[in-house]
Amino acid sequence: MTDSQTRRPRRWSRVMSGAIGASVVATSIVATSIVVAVPASAIEGEYATATTVAIAGDLHLQSIRYGFRADDAPVSPGPHAEPGPSSTSSSATWTLGGLGSSELRSHMIGRIVDFDKTTDYWVRVSTQVTNIVGTYTSSCEVFLGDPEAGGTVLDQESASPYRCFSSHLDDVFADDPIRVINETFTISSLNWATARGAISPQGTVMLGDGHLESPTTRFIVDGRWFPSDPAEQGPFNTIEPGATLDWAAFRRNGESDANASGYFSYRIYDSGVPTRFWVSGMASNWRGVEFNWDYTCQIFDGDPLQGASAVTESPYLCDMATTTVNGNGDYRVDFTIRTAPIQTLGPLEARDLMSEGCGDPADACYFVPATNEAYLPPGTPLGPPYANAGDEEAEYEFYYATGRSITNSIDVSISAQANVLEIFKATIKFAYGWEETNEVDKKWIATMKVPAKEEGWFEFAPAYRRISGDFLFEVDGTWYRVANGTFTVPDSTVPGTLTSHTRPIAGSPGGGTGAEPPVTPAPVDPALAGLDPSGAKSSGSGVLATTGGGDVSGSVWISAAAVLSGALLLVFARLTRRTGSRSR
């Protein structure tokens, strides 16, 4: 592990010696201040300083300012005073030379930018050559606030999250000859401990509805400080299949005393559909002589932030692998979320194994929806047609009740059917927020105008939704898939479509104006009532009104009752479900 990341600034010293070309004979660095003893005879009044400030990691400097003085007189940048960049930069350099000056002084002030965040921390680097006594001194300090506007210098051992140290110093003669003292300072984040995470969903798995948090101040997600405002956290809430979200938590001076830790939770989406399962994990690193790593990742049946419990068996896995980034003080955990190994069953095997793996509420059996489409079967005639044999238009009223139920194509034993239906209902509630139930009967009235010498009748097409997907279940430690299970459920947004139809009467009338139509206990197909379907014509939806509460509706489903001229006739219709197009 590097000094910049794991070791505190410490008091240290070094000795430089050599011939006149490198005649600095003693250099001592105390904290961040450097004093170099230089023989005055070697300088001979002609000397220069060349200073570089290097920014480590993902730091930058902005608002850079320079100051130059020779013999206590300001020096403007020119042949003997050249500044480096004055805006935002990853380094700063400057040179200052003197011909016959007894003293040269320079400094640079810059504000620290950490990743994308402009911090409240500043640095000031200063150098000074005194010819009379033959000394070179330098220092690098970290401030909270602008040093020229009342900023406070920080103790880099205990109070500063950043450190500045001399990383290079030499003393050479140039060709002039001018004595040149070169020094490089390095500014870095002072990280006592670092924990990193890389979250990657694979295959059909996508992660959504995410939550990230850390007790540390410096929490970096995908190369930027994690925003505290939830409104700005949107880019981190979803991770697409095959993508990776990276985060890093750092423990530093002057900030939280908590371990370097990051926590996450995401809902698992499979093929774009939200499942009932969530994944939650964390990674932590302790500061100490020996760093302690803590990390975990679990699958939950429900949102862990709402008290859901971790499950030991699920069709999804979270794999973990650790990598040392920079010694034990900086490590990463790769979290990979994927589906468990699953065997897909054919129809001959599916019935018995699914009955065993999904027959009890305690079984690990789950439905993963893949499609959700509107389904409207062809319309079915309601009751008998009404024949208006009169010479004037007649009004035809029809009373009926609606009620739809859930059906499915799942082939399991009778004992397992109820639990399979409950698993489906629970999944739909998690995925779409719907409460799927059989529809309670509602009573309605439909009216239409039947022209003279024509017959009229109603046809009804109930509205459903078809939801298809896969059942995943576990038997004796092996996960199985039964693909393309389909449920037909009542469409909660509309009961269905009712249309009215008329056609000329064929043969003898079935009844006159105000007459009571024939009694029948089943729906009557116009063709079976002596009508030629090829000659029928249809109008738009009839006028519908509820009789048993609820709103007036133009789309309904049937179970049914009919009234004509005050006579009540109950007719119960059985619907034949067939694939068809939707019409309103």
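Residues numbered from 1 in each chain as written. Predicted model: local features only at pLDDT ≥ 70, side-chain atom pairs only at ≥ 80, totals over all residues. Heavy atoms only, no water.

1. With respect to the overall build of the protein chain
Let me state the cut-off plainly: Numbering of helices and strands runs from the N terminus, with a helix taken as a DSSP run of H or I at least four residues long and a strand as a DSSP run of E at least two residues long. With a 1.4 Å probe rolled over the protein chains alone, any residue whose accessible area is under 20% of its type maximum counts as buried; one over 50% counts as exposed, and the rest are partly exposed. Whether two residues are in contact is decided by their heavy atoms: any pair within 4.5 Å suffices. Exposure was quantified through the Shrake-Rupley algorithm and a 1.4 Å probe, taking into account, for residues, occlusion by the shown protein chains and nothing else.
Within the protein chain, the secondary structure is distributed over 4 helices and 38 strands. Within the protein chain, the proportion of its 584 residues that are buried is 49%. Long-range pairs, those at least 24 residues apart, make up 72% of the contacts in the protein chain between residues at least 6 apart in sequence. Carbon and sulfur atoms make up 50% of the accessible area of the protein chain, which totals about 26,100 Å².

2. Digging into the state of the cysteines
This is how the line gets drawn: When two cysteine sulfur atoms lie within 2.5 Å, the pair is treated as a disulfide.
The full count for this structure, using the stated rule, is 3 disulfides. Here cysteine 140 connects covalently by a disulfide to cysteine 164, the sulfurs 1.7 Å from one another. An S-S torsion of about 100° defines the bridge between cysteine 140 and cysteine 164 as right-handed. With cysteine 140 in strand 11 (residues 135-144) and cysteine 164 in strand 13 (residues 162-173), this pair connects stretches of sequence that are 24 residues apart. Its relative accessible area of 0% is what places cysteine 140 among the buried residues. Note on cysteine 164: relative accessible area 2%, which makes it buried. One disulfide bridge connects cysteine 297 with cysteine 318, the sulfur atoms lying 1.9 Å from each other. Here the disulfide of cysteine 297 and cysteine 318 is right-handed, its torsion about the S-S bond being about 100°. Note that cysteine 297 is positioned in strand 22 (residues 293-301) and cysteine 318 in strand 23 (residues 316-324), a separation of 21 residues in sequence. For cysteine 297, a relative accessible area of 11% corresponds to the buried category.

3. Concerning unusual backbone geometry
With a phi angle near 55°, phenylalanine 115 is a residue other than glycine that sits in the positive phi range. Note on placement: phenylalanine 115 falls in the loop between strand 9 (103-114) and strand 10 (117-130). The phi dihedral of aspartate 476 falls on the positive side, at around 55°, and the residue is not glycine. When you line up the elements, aspartate 476 lands in the loop between strand 32 (464-475) and strand 33 (478-490).

4. Brief notes about the pairing of strand 21 (residues 273-285)
Sheet faces and side chains relate simply in a regular strand, where the side chains alternate between the two faces. Test applied: Any two strands with at least two DSSP bridges between them are considered paired.
Of all 13 residues that make up strand 21, 13 are buried, and the element is covered over most of its length. As defined by bridge partners, strand 20 (residues 260-270) adjoins strand 21 across 10 bridges and the pair is classed as antiparallel. Bridged to glycine 262 within strand 21 is alanine 283. Hairpin geometry of strand 20 and strand 21 is characterised by an intervening segment of 2 residues between the two adjacent antiparallel strands and by a positive phi of about 55° at serine 271. The sheet contact formed by strand 21 and strand 22 spans 9 bridges and is antiparallel. If you follow serine 284 over to strand 22, its bridge partner there is aspartate 294.

5. As for the confidence of the model for the protein chain
For the record, the criterion: A residue's pLDDT is the predictor's confidence in that residue, given on a scale from 0 to 100.
Across the protein chain, pLDDT averages 77, with 73% of residues at or above 70. Within the model, the stretch residues 1-45 combines pLDDT values under 50 with 119 contacts to residues more than four positions away or in other chains. Here residues 508-584 scores under 50 on pLDDT; set against residues more than four positions off or in separate chains, the count is 205 contacts.

6. Focus: the sheet that holds strand 24 (residues 330-339)
Read from one edge to the other, the open sheet built from 6 strands follows the order 18-17-19-15-24-23, with strand pairing classed as mixed. Sheet topology places strand 18 (224-225) and strand 23 at the edges, where each strand pairs with a single neighbour. Of the strand pairs in this sheet, strand 17 (residues 218-221) and strand 19 (residues 245-252) are connected by 4 bridges, and their pairing is antiparallel. Across the sheet, residue arginine 218 finds its bridge partner in strand 19, namely phenylalanine 250.

7. Some thoughts on the sheet that holds strand 16 (residues 205-213)
Condition: Angles here are taken between N-to-C directions and fall from 0 to 180 degrees, while the axes themselves are lines fitted to C-alpha atoms, restricted in helices to the stretch in contact.
Reading across from one edge, 16-20-21-22 is the order of the 4 strands in this open sheet, with antiparallel pairing throughout. A strand with exactly one partner marks an edge of an open sheet, and here the two such strands are strand 16 and strand 22. Neighbour to neighbour, the strand axes of the sheet diverge by 20° on average, direction disregarded. Each of strand 20 and strand 21 touches helix 4 (residues 414-432); the most contacted strand, strand 21, lies at about 65° to it.

8. Concerning empty space enclosed by the protein
The probe, sized like a water molecule, is rolled over the atoms to show the empty space still left. This is how the line gets drawn: Of the two site types, the cavity is a set of points on a 1 Å grid over the protein atoms alone where a 1.4 Å probe fits but cannot get out, and the pocket is an open set with protein on both sides within 12 Å along at least five of seven lines, each lined by residues with an atom within 4 Å of a point. Grid points are joined across faces, edges and corners, and a volume is the space filled by probe spheres set on the points. Throughout this entry, Asp, Glu, Lys and Arg are counted as charged residues, while Ala, Val, Leu, Ile, Met, Phe, Trp, Tyr, Cys and Pro are counted as nonpolar. The remaining residues, Gly among them, count as polar.
Summed over the entire model, instances satisfying the criterion amount to 2 cavities of 30 Å³ or more. Of the pockets and cavities examined, the largest cavity occupies roughly 50 Å³. Taken together, Pro274, Thr275, Arg276, Phe277, Tyr316, Tyr366, Phe367, Val368, Pro369 and Thr427 make up the full set of residues lining the largest cavity. At the level of secondary structure, the elements contributing two or more residues to the lining of the largest cavity comprise strand 21 and strand 26 (365-375). Partitioning the lining of the largest cavity into residue classes produces 7 nonpolar, 2 polar and 1 charged. In this structure, the second largest cavity spans a volume of roughly 40 Å³.

9. Looking at the nonpolar core
Keep this limit in mind: Take the buried residues of types Ala, Val, Leu, Ile, Met, Phe, Trp, Tyr and Cys, join any two whose side-chain atoms come within 4.5 Å, and each joined set is a nonpolar core.
In this structure, Ile199, Leu212, Trp247 and Phe335 are the most contacted members of the largest nonpolar core, which totals 36 residues. In terms of nonpolar packing, the next biggest core, distinct from the first, is built from 29 residues, Tyr47, Leu96, Val125 and Val142 among them.

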